[in-house]
Amino acid sequence: MLVLNLACEAGHGFEGWFGSAADFESQQQRGLLSCPLCNSAQVRRMPSAPRLNLSAAAEPVAPAAAPAPAMSGGEGSGGVGAAALPVALQRQVMQAVRHLMANTEDVGDRFAEEARRIHYGETEARGIRGQATPDEASALAEEGIEVVALPVPDGLKDPLQ
Ligand SMILES: [Zn+2]
């Protein structure tokens, strides 16, 4: 692309884009050129040296490329930032519960009995889990047997599946 500095007979300066110098001369001779300000067809080429329009061709690339990473980065950080903490926290809790359940023996509703036997050394000391009624839990507490009530999230009743 060849950019020429042009001017009409009234002295209005403007740029004209042409495929080549010959293209400009052809259009000028056929009267296809006109001043954008006064519409005069008396257009002449200014003596200033023509330049190749390289910078203008590159300009649309930079502005178009810049917003894309900024926009995707904004969406990514925003979306992750909003949801990452609760999900990560929930995952940590789930992992802790899974670890606990994977390393304890499920004794079911025999929990109070087993806890008492472990406490008094009547059976092997080990981690157990199970269900205890409030009465059983309070009875264990009165005997000095520590138990922890742990709400197990739905879906983790059987973590080994
Ligand atoms: Zn003019």
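Residues numbered from 1 in each chain as written. Predicted model: local features only at pLDDT ≥ 70, side-chain atom pairs only at ≥ 80, totals over all residues. Heavy atoms only, no water.

It is worth spelling out the coordination of the zinc ion at this point. Tetrahedral coordination by four donors puts the ideal angle at the metal at 109.5 degrees, and octahedral coordination by six puts it at 90 or 180 degrees. The zinc ion binds to the protein through Cys8 (SG), His12 (ND1), Cys35 (SG) and Cys38 (SG), with metal-donor distances spanning 2.0 to 2.3 Å. One can describe the site at the zinc ion as tetrahedral: its 4 donor atoms subtend angles covering 103 to 117° at the metal. Mapped onto the sequence, the residues coordinating the zinc ion show the spacing C-x3-H-x22-C-x2-C. Here Cys35 lies in the loop between α1 (21-29) and β3 (43-45) and Cys8 lies in strand β1 (residues 2-8), a separation of 27 residues in the sequence. Here Cys8 and Cys35 have matching classes, each one buried. (Donors = N, O, S within 2.8 Å, 3.2 Å for Na, K, Ca; no water. Tetrahedral: all angles 85-135°; square planar, octahedral: opposite > 155°, others 65-115°. Helix = DSSP H or I, 4+ residues; strand = E, 2+ residues; numbered from the N terminus. Buried < 20%, exposed > 50% of the residue type's maximum accessible area, 1.4 Å probe, protein only.)

Attention now moves to the pattern of salt bridges. In this structure the tally under the stated criterion is 5 salt bridges. Salt-bridge contacts for Arg117 lead to Glu114; the nearest nitrogen and oxygen are separated by 3.1 Å. Placement of the pair is Arg117 and Glu114 together in helix α5 (residues 111-119), with a separation of 3 residues, close to one helical turn. By relative accessible area, Arg117 is classed as partly exposed at 30%. (Salt bridge = Lys/Arg side-chain N within 4 Å of Asp/Glu carboxyl O.)

The class for Glu114 is buried, based on a relative accessible area of 3%. Among residues more than four places away in sequence, those in contact with Glu114 are Val107, Thr123, Arg126 and Ile128. (Contact = heavy atoms within 4.5 Å.)

It is worth spelling out the environment of Cys8 at this point. You can call Cys8 buried: its relative accessible area is 0%. Between the C-alpha atom of Cys8 and that of Cys38, which follows or precedes it by 30 residues, the distance is 8.4 Å. Those residues within four positions of Cys8 in sequence are excluded, and the remaining contacts are Phe14, Cys35, Cys38, Ser40, Gln42, Val43 and Arg44.

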